[in-house]
Amino acid sequence: MEPAPAKAKPQGRLLVSTPLDAKDELEERLERCVGIVQALTNGLSEREANDALTANACKGQQQHEEVCLGLFTLVLTEPAQAQRCYRDLALVNRDGMNVVLVKINQILMEKFLKLQDVPRTQLVWLVRELVKSGVMGADGVIMTLLKQIAGGDISTKNLWLAESVLDILLEQKEWVLKSGMLIAMSVYTYLRLIVDHGAPNLLPLRQKEVDFCISMLREKFMDCLIIGRDLVRLLQNVARIPEMELLWRDLLHNPQVLSPQFTGVLQLLTARTSRKFLACRLTPDMETKLLFMTSRVRFGQQKRYQDWFQRQYLSTAESQSLRCDLIRYICGVVHPSNEVLSSDILPRWAIIGWLLTTCTSNVAASNAKLALFYDWLFFNPEKDSIMNIEPAILVMHHSMKPHPAITATLLDFMCRIIPHFFPPLESQVRQGVFNSLNFIMEKRVLAHLAPLFDNPKLDRELRSMLRERFPEFCSPPSPPTEVKMEESVSMEMDNHVLDKEESCYDNTEATFSDDEEEVNNKGKKREFRFHPIKEAVIEEPADITPWLDQLDDTMKEKVQQIQKTSDTETQCEVMQEIVDLILEEDFDTEQMSALASCLAELFKDHFRGEVLPEEITEESLEESVCKPVCLIFRNLVTMQEDNSGFSVLLDMLAELYQKQPKIGYHLLYYLKASKAANGKMMLYESFAQATALGDLHTCLMMDMKACQEDDVRLLCYLTPSIYSEFPDETLRSGELLNMIVAVIDSTQLQELMCHVMMGNLVMFRKDSVLNILIQSLEWETFEQYSTWQLFLAHSIPLETIIPILQHLKYKEHPEALSCLLLQLRREKPSEEMVKMVLSRPCHPEDQFATSILRHWATKYDDTLAENIKAQLIKNNNQPRKRQSLRSSSSKLAQLTLEQILEHMDNLRLSLSNTKNNFFTQTPILQALQHVQASCDEAHKMRYIYSHRHTQTITSQHCCLRLIFPVRFSDLFALAEEYEDSQTKPPKSRRKAPASSPRSRKGVAPPTNNEEESASSSGSEEEDSKPKAPKRKRKGSSAVGSDSD
């Protein structure tokens, strides 16, 4: 049965949402601003409305922002008023449209995928108007919009976006030519997209893209030169298109035609491509998911994340081309810190190996291998980074044992690419590959290459080719030596990787994880930590030499003072002096990155071990936050946000966060534990916005995940504050809750429940609790039980979450069903509860509905009877459609009349051996009578009469057998007895028996001679049969029939 429309959540006009989604905070705010604008302008002429808006905007910054955002939202949601609203916005705005540009960028980065069709169309229209008006900063919005055009996607929406943005660039070409970065970014984007648009129906779009790229490359080649070597890779992919072929020939053989300053293709190939270009070909959602996998997912537990990513982005034939973008991004942008590299976080090579093994096209596989080795071909140790070439060698090394074919094909590709990439530059390519291998050994990424190049698992021809190409690296290895970490080099420890490389690409679940869990703490959820890494850490003096030279003399001296002393108090004093230097007006902010690297290296010991004291007292908490790094926190806490030094310190902290991700949850701990920071928890929001992530929710979840992995006690300590200070970020989804219940033990669960009961912690709210509980159905058993225990500690009415019953299957969700059953046992049945219970499909093994109905029939018989009567009558009066009650459809179960009757019959059988008189209650019998009386011809013809009982069953029962299935005949016998008792004189009135009609075969008919009143739809059938003497009854009159 469909839910009542009155209970449905109103759909917003900006974002797509489901009834289970919490109301989006941004959408709510924009709707409030629309309300303000409409209140100001209702009933006014255009001139008067404009004056009213201008007057209100002049009152202050907040009013100005509200008016601008209200008009901005009307542009997105009201196409008919868009032109007028944009004109008003241009007149009212006083900050160069900055507030609108910021909001557009926020929507593009965070909400674009959820935009409804009209707002998405209007957003592109608004960007076009901003570009026409020459608004400063519009080029940044265009570049963000370009990022939303997904590679390997030829869906209608993606093609529309690609063409719409291209039209803006073509219409406003003169404006585009003023921004060198926009030229380069748009050329990089559309050169990549041309490959996806080769289908006949897409040729007009591809031609526009080709014309645009050729125009930009020929007119502004030096601006495009900043792309670097990946420009050649993209041009190579489209060089067979006739117009592009001419440009390709000029690039190779006549470079001066393109620009007098361009010396040749070698100039491009030796320039490393900037991260911003590699990142622009991934949508924000793709980028977030990849960063999460490479910074938060444990090696061996990545399968579900990879499966999700593949379903979302790599499931179509066109998406094969996206693999190159992903590999280039992983090699060139994702550069994990030493701490991540030495942990059991999913390594980059494992993701790349997975991408290679899932290629289904030979062309895509070749392009993917080229993307992996592209930085090798012209590698220069002085300019290029070891992190760009490290994934390829590690994919080959770690694939040798589980997937030797992967290693062989990559080694073969590496050998053959040298002469075939570009024959005139063969010597340079050979030197680049040699430099790469030499640098890999120098940085000790691998101790020796001979075990890889001369491995017996490789065929003879390949080993011979490797010895011929790289004789220097094929000599037998020297005795093994201890491998040490240097700079940001990926040192995959053998004791970390070799245990797992059998399943490194995760085509199947990693079996070792389950084995370890089974033997741990009698079934408790094990906290996954990589203890061997921690035990293997050898303390060495911090080497900060590479960064010291980038600091000025005064700062260098202070940093060296910290390095020389181990006394915490002295380090704190020097750290305060460093903070004072940062706050000076002449501080060179270009030193920040180097200074952050120095501090992260010097204070790495402070981020090891447990942060929270064993015994929590005021003194122990204050002592725990007296560390040098906490001096930055303390200074931020004491400063006003409008202080110029506040933003500088935040930037410093953000730089430090890039080098040491643990700084995030250490800041949260300081804000909770320190007396000086009392009431300053919202400082964390400013910090999150200052980081590269730029988003409070993402930053908070990443920090809490890091805390969960390092210190579960600290996670539980922070939980009440995090939930109370950031409710919009924590309560709208189950992400944080899942982190908590995945690692806590029963003691910590009980402590959290006490916090809830005392009012210190709220982990659920009515508008999102149902959604979170539905998410939890995929979690582990203990996690689900913990979630339900925490939910039950809250005072949320059970009716709020009772719709979850429609999602629960008796074999798949026993945890939720058992918790819900115990809770329903304590509740008095309401109409909604009874409806949801009766909506469950009937199955012989699923006893949920029968057990709770039996309990209610014993304890609340009158209430249950009235609610079942209401459902029977309501469903009986509706048109009936044929449905399979045991359908395996994924849709939510719909309540049907037969379903209710089947549940009632199961309940009758359950109560048959008890003295319970539930089925003698008037409401139940009246409802059954109503169903019997109003049955129509269509229902009568649905079921086949059983001829075995023709001679022994009365005519009345014959009618019932025609109307209802055989299995309900005993149930309707109760209604029949009730009707008989209503038509007899009081002295002969009997109690309605709960027995089968088969026990009443020999009962004599009544003495009255009234004809049986049957429904018109069944009378002809009965008249055509020979009628034996039988008991007569009056037509049903207790409840009105639909035939009236």
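Further up the page is the structure itself.
Remember, it's a predicted structure, so these values are computed and weren't measured experimentally.

Calculation rules
Residues numbered from 1 in each chain as written. Predicted model: local features only at pLDDT ≥ 70, side-chain atom pairs only at ≥ 80, totals over all residues. Heavy atoms only, no water. Helix = DSSP H or I, 4+ residues; strand = E, 2+ residues; numbered from the N terminus. Contact = heavy atoms within 4.5 Å. Areas by Shrake-Rupley, 256 points an atom, 1.4 Å probe, with all protein chains shown as cover. Buried < 20%, exposed > 50% of the residue type's maximum accessible area, 1.4 Å probe, protein only. Axes fitted to C-alpha atoms, helices over the stretch in contact; angles between N-to-C directions. Parallel < 35°, antiparallel > 145°, perpendicular 65-115°, else oblique. Left-handed = near helix turned anticlockwise from the far one by under 90°. Nonpolar A, V, L, I, M, F, W, Y, C, P; charged D, E, K, R; others polar.

Moving on, we come to the overall build of the chain. Across its full length, the chain carries 56 helices and zero strands. Sequence-distant contacts in the chain: of pairs separated by 6 or more residues, those separated by 24 or more amount to 74%. Looking at the chain as shown, the accessible area adds up to about 47900 Å², and 50% of this sits on carbon and sulfur atoms.

Here the phi dihedral of methionine 97 falls at roughly 65°; this positive angle occurs in a residue that is not glycine. Within the fold, methionine 97 resides in the loop between helix H4 (82–92) and helix H5 (98–111). You can call methionine 97 buried: its relative accessible area is 6%. Positive phi outside glycine occurs at arginine 444, with the angle close to 60°. For arginine 444, the position within the fold is in the loop between helix H25 (426–442) and helix H26 (450–453). Residue classification places arginine 444 among the partly exposed positions, given a relative accessible area of 23%.

Another aspect to go through is the packing of helix H44 (residues 746–757) against helix H46 (residues 781–793). Axes are the key here: two packed helices are described by the angle between their axes and the distance separating the axes. Where H44 contacts H46, the axes come no closer than 9 Å and their chain directions differ by 20°. Between H44 and H46, the interaxial angle falls into the category roughly parallel. In this structure, the crossing between H44 and H46 has a hand that is right-handed. Of the residues in H46, those in contact with Ser746, Leu749, Leu752, Met753, Val756 and Met757 of H44 are Phe782, Ser786, Gln789, Leu790 and Ala793. A breakdown of the residues in the contact of H44 with H46 according to their chemical character gives eight nonpolar, three polar and no charged.

It is worth spelling out the side chain of aspartate 250 at this point. Among the structural elements, aspartate 250 can be located in helix H14 (residues 242–253). Since its relative accessible area comes to 18%, aspartate 250 is described here as buried.

Read these as geometric descriptors, not functional statements.
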